[in-house]
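So the chains spell out like this:
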Amino acid sequence: MDTGFTVAQLRAAAADAVRAPSLHNTQPWRFRLRDGGIELSVDPTRRLPATDPSGWGARISCGAALFNLRLALAVAGTPATVRLRPYPTEPDVLARLVPDAPRPATPADRSLHAAIPRRFSNRAPFWPDPVPADARWRLGEAARAEQCWLELVIGTSAVNAFAEVARSAHRVLERDPDYRRERTEWIRREPAPDGVPAAAGGPQSEPQDLLPMRGFGGRNRAPGRDFEPEPLVAVLGSAGNTPADQILAGQALQRVLLTATDAGLSVSLLSQPIEVQGAREALRLSLGRFGTPQMVMRIGYGQPGAATPRRSVDDVLDLPVVSA
Ligand SMILES: Cc1cc2nc3c(=O)[nH]c(=O)nc-3n(C[C@H](O)[C@H](O)[C@H](O)COP(=O)(O)O)c2cc1C
């Protein structure tokens, strides 16, 4: 195919891409057209130096946006071929998408695409109902479809051991004043196009909590509304840990999240044990897996909730200036 993507196609796909999750809702992405291809870059002005010094979180976030971009183009009948990190001298360009042969979208693509606006991080307690086996299987398949793995932490002692690792990582992070300041700076108590709205922050932690929730200034907990006693914890991992592996993991994360949404499940993310190197290694060893853990999820049946705000598409597009 010799024609490239148009501005209208870029704009429509970017509107879905920006719905992706991102660390502290920083939305660290930019999109542009170059030589007929859509390019996704990480936005260096939106990095979190204390929380994410290596750029792992920004690449996971951009990978998730890339999955939405691919899905939007596929559902529009104009699927793309993707090259990750296409220019060695421009490492901030994470992906380049060029048109593939037009074809109708699959029903599976349509279902996942329809889940994009319904997905949100649900930090509230879930109902105690177990996640059925077929849904667990679908989540694992979603990760595998994107060249990653999903390991479910099964059984009380395994969940307790994971929780211990996660709590100790949380304590390590909380000792760093720059980390605490950065998190506080991204909590929003007034309407804003980015950052984590305090209303979406989940309830305040309490001493009896098994899993450490990153505090986003949430409300006090109603009496008796503790977290589910046996959370379903899932660890997403990739074969390696290069920047390209992290972009792959971001795409896998979004496929898993949309598959969960499509199955009526809620998810919250828990990345403290990924951000602390020792905890990440302990987690990898406890799973007995090769490769690298890239994200932890708590999955279950949650109360309804709402999507959080995003910047407008115009704020994240780099379009050539057309002179009059
Ligand atoms: C790399 C990454 C790490 C994250 N870590 C956490 C976390 O530790 N705790 C948490 O509550 N949310 C975490 N999140 C979720 C983001 O805060 C959330 O995606 C963002 O605020 C946007 O909200 P939404 O998911 O409801 O769209 C993480 C998201 C990403 C992409």
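Structure's up top.
I will try to describe carefully the structure that is included in this document. Just so we're clear, the structure is a prediction, and the values are computed from it rather than from any experiment.

Conventions adopted
Residues numbered from 1 in each chain as written. Predicted model: local features only at pLDDT ≥ 70, side-chain atom pairs only at ≥ 80, totals over all residues. Pairing = 2+ DSSP bridges. Helix = DSSP H or I, 4+ residues; strand = E, 2+ residues; numbered from the N terminus. Contact = placed C-beta atoms within 7 Å. Axes fitted to C-alpha atoms, helices over the stretch in contact; angles between N-to-C directions. Parallel < 35°, antiparallel > 145°, perpendicular 65-115°, else oblique. Left-handed = near helix turned anticlockwise from the far one by under 90°. Near = placed C-beta within 6 Å. Nonpolar A, V, L, I, M, F, W, Y, C, P; charged D, E, K, R; others polar. Domains from an automatic or database assignment.

What follows concerns the sheet that holds strand E4 (residues 93–99). Pairing within the open sheet is mixed, and its five strands lie in the order E3-E4-E2-E1-E11. Each edge of the sheet is formed by a strand with only one pairing partner; in this case those strands are strand E3 (80–84) and strand E11 (317–318). Strand direction decides the pairing type here: strand E2 (residues 37–42) and E4, joined by four bridges, are antiparallel. Looking at E4, one finds that Leu40 is bridged to Ala95. Sheet contacts for helix H1 (residues 7–17): strand E1 (29–34), E2 and E11; angle to E1, the most-contacted strand, approximately 165°.

Here we take up the packing of helix H4 (residues 133–145) against helix H7 (residues 243–262). Taken N-terminus to C-terminus, the directions of H4 and H7 make an angle of 155°; their axes are 8 Å apart at the nearest point. Considering the angle they form, H4 stands roughly antiparallel to H7. With respect to the hand of their crossing, H4 and H7 are arranged in right-handed fashion. Contacts from Arg138, Leu139, Ala142, Ala143 and Ala145 in H4 reach Ala252, Arg255, Val256, Thr259 and Ala260 in H7.

This part covers the sheet that holds strand E10 (residues 292–300). On the basis of which strands lie adjacent, the open sheet formed by four strands has the order E5-E8-E10-E9 and antiparallel pairing. Strand pairing shows two members of the sheet lacking a second neighbour, strand E5 (148–153) and strand E9 (266–270), which therefore form its edges. Averaged over all adjacent pairs, the angle separating strand axes in this sheet is 30°, with direction ignored. Pairing of strand E8 (residues 232–238) with E10 involves seven bridges; the strand directions are antiparallel. In the strand pairing of E10, Ser238 is matched with Thr292. Along the sheet face, helix H9 (residues 277–287) touches E5, E8 and E10 and points at about 75° away from the line of E10.

In this section: the site of the ligand. With respect to spatial proximity, 21 residues lie near the ligand, and among them Pro21, Asn25, Phe120, Ser121 and Ser271 are the closest. Elements represented by at least two residues in the shell around the ligand include exactly helix H2 (56–75) and E9. In the shell around the ligand, the residues fall into nine nonpolar, 10 polar and two charged. Counting only domains with at least three residues in the shell around the ligand, you end up with domain 1 (7–118) and domain 2 (133–300).

Limitation: the analysis is restricted to geometry and does not speak to function.
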